[in-house]
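# Observations on the three-dimensional arrangement
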Amino acid sequence: MSVSTATVTHLARPHRPVVVAGTLGELHGPTSGLVELPLRLWWHPQRAFDLGQHTMLLWMYENVLREAIRVDELRAYLEGGLLVRLWPELNLPRGVRAAWEARHPRLRARAAA
């Protein structure tokens, strides 16, 4: 009997695989100030997020985690330590959460704490 070694593909939404950074340390995005997401990541006319406002910070992280299609987008807009701290508060699709926690058990531990 053969055991399948196929990888599980998690989806952010239908037909959109989740993109996960290889390490949390490679995420060096901004942690303060105003950040304007490109139209591809946030298609609302007002695309600037004030990271000094906690709800806007959460909202930006949720959007980037859900909509990113390239690792460089994650690197540009997320910061690893901040992602770990925010993780339990983020409202994410099940597939996004599962993919990130599978690759980074530190996030899973943080969510369980």
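In the nomenclature of an unreviewed UniProt entry, the protein chain corresponds to Transcriptional regulator from the organism Actinoplanes flavus.

Bringing the environment of glutamine 46 into the picture now. By secondary structure assignment, the location of glutamine 46 is in the loop between strand E3 (34-36) and strand E4 (48-50). When the C-alpha positions of glutamine 46 and glutamate 36 are compared, they lie 8.5 Å apart, and in sequence the two are 10 residues distant. A distance of 3.5 Å separates a polar atom in the side chain of glutamine 46 from the backbone oxygen of alanine 48.

Summed over all chains, the structure comprises four aromatic pairs. When the ring of tryptophan 42 is compared with that of tryptophan 59, the centres are 5.0 Å apart and the planes differ by 75°; the resulting orientation is edge-to-face. In this pair, tryptophan 42 is assigned in the loop between E3 and E4 and tryptophan 59 in helix H1 (residues 54-67), connecting sequence segments 17 residues apart. Residue tryptophan 59 is classed as partly exposed on the basis of its relative accessible area, which comes to 41%. Connected via pairs of aromatic rings, a cluster forms that spans Trp42, Trp43, Phe49 and Trp59.

So, about H1. For H1, which comprises 14 residues, the first-to-last C-alpha distance of 20 Å matches the rise-based estimate of 20 Å (1.5 Å per residue) to within 8%. Burial within H1 is extensive, with 10 of its 14 residues counted as buried. If you check which residues of H1 are buried, you get Met56, Leu57, Leu58, Met60, Tyr61, Glu62, Asn63, Val64, Leu65 and Glu67.

All right, on to the environment of valine 84 then. Relative to the elements of secondary structure, valine 84 occurs in helix H3 (residues 80-86). Exposure remark for valine 84: the relative accessible area of 8% places this residue in the buried category. Taking C-alpha positions, valine 84 is 7.7 Å from arginine 106, a pair spaced 22 residues apart along the chain. When near neighbours in sequence (up to four residues on either side) are disregarded, valine 84 contacts Leu24, Arg106, Leu107 and Arg110.

Cut-offs used in this document
Residues numbered from 1 in each chain as written. Predicted model: local features only at pLDDT ≥ 70, side-chain atom pairs only at ≥ 80, totals over all residues. Heavy atoms only, no water. Helix = DSSP H or I, 4+ residues; strand = E, 2+ residues; numbered from the N terminus. Polar contact = N/O pair within 3.5 Å; in protein donor to acceptor, adjacent residues only side chain to side chain. Phe/Tyr/Trp six-rings, centres within 6.5 Å; stacked < 30°, edge-to-face > 60°. Buried < 20%, exposed > 50% of the residue type's maximum accessible area, 1.4 Å probe, protein only. Expected span 1.5 Å × (residues − 1). Contact = heavy atoms within 4.5 Å.

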